[in-house]
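# A look at the structure
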Amino acid sequence: MVKIKVVNRGHQPLPAYATPQSAGMDLRANLDAPVTLLPMERRLIPTGLHIVLPEGYEAQVRPRSGLALKHGITVLNAPGTIDADYRGEIGVVLINLSEQNFVINDGERIAQLVIARYEQGVLAEVEALDETERGEGGYGHTGVK
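I will try to describe carefully the structure that is included in this document.

Rules of the game
Residues numbered from 1 in each chain as written. Predicted model: local features only at pLDDT ≥ 70, side-chain atom pairs only at ≥ 80, totals over all residues. Heavy atoms only, no water. Core = buried A, V, L, I, M, F, W, Y, C linked by side-chain atoms within 4.5 Å. Buried < 20%, exposed > 50% of the residue type's maximum accessible area, 1.4 Å probe, protein only. Helix = DSSP H or I, 4+ residues; strand = E, 2+ residues; numbered from the N terminus. Contact = heavy atoms within 4.5 Å. Salt bridge = Lys/Arg side-chain N within 4 Å of Asp/Glu carboxyl O. Pairing = 2+ DSSP bridges. Axes fitted to C-alpha atoms, helices over the stretch in contact; angles between N-to-C directions.

### Some words on the nonpolar core
- Core analysis: the largest hydrophobic core is formed by 27 residues, its most contacted members being V61, L94 and I104.
- Secondary-structure elements contributing two or more residues to this core are β2 (24-28), β3 (35-37), β5 (49-52), β6 (57-62), β7 (73-75), β9 (91-96), β10 (102-104) and β11 (109-117).
- The element best represented in this core is β11, accounting for 4 residues.
- Once residues lying within four places of it in the same chain are set aside, the contact partners of L94 are L37, E41, R42, R43, I45, I73, T74, V75, I104 and I110.

Given below as structure tokens:
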């Protein structure tokens, strides 16, 4: 397990894994009053959390499947990336893709936080790329089977 320093400036408990094999920790809304998301409206929802990740790690903010399926609520920039050098509050950009208003209450679980290791790449400009069987085929190129 990787150690993540956290400052909780909100009034919610720290995120935790629901089961021993969970990949994500639930993030909770840290609100003074309920927020109503109208259909197709997006809002930045505060969590009150500030973290320090070790170099070589990122935190990914991902949607919760239950909110997406039952209410059409998702994370707009999914997955949102929190870089190791970011020290601001973790906010969750939620959007309501349903036709109904959705009320977000204080303490509601609104997203998941997944910690992931990454590597930076070095771009090397070349004149041409190696040929492959697939080539430039993309966006449904392999068809439906």
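### Here's the deal with the pattern of salt bridges
- Applying the stated criterion across every chain, the model contains 3 salt bridges.
- Ionic pairing is found between D26 and R109, a salt bridge with its closest N-O pair at 3.0 Å. Here the residue D26 occupies a position in strand β2, and R109 occupies one in strand β11, the gap between them amounting to 83 residues.
- Exposure remark for D26: the relative accessible area of 16% places this residue in the buried category.
- Exposure remark for R109: the relative accessible area of 34% places this residue in the partly exposed category.

### Topic: the sheet that holds β11
- If you walk across this open sheet you meet the 4 strands as β2-β11-β6-β8, and the pairing is antiparallel. A single partner strand is all that each edge strand has here, and the edge strands are β2 and β8 (80-82). Within this sheet the neighbouring strands show an average axis-to-axis angle of 35 degrees, counted without direction.

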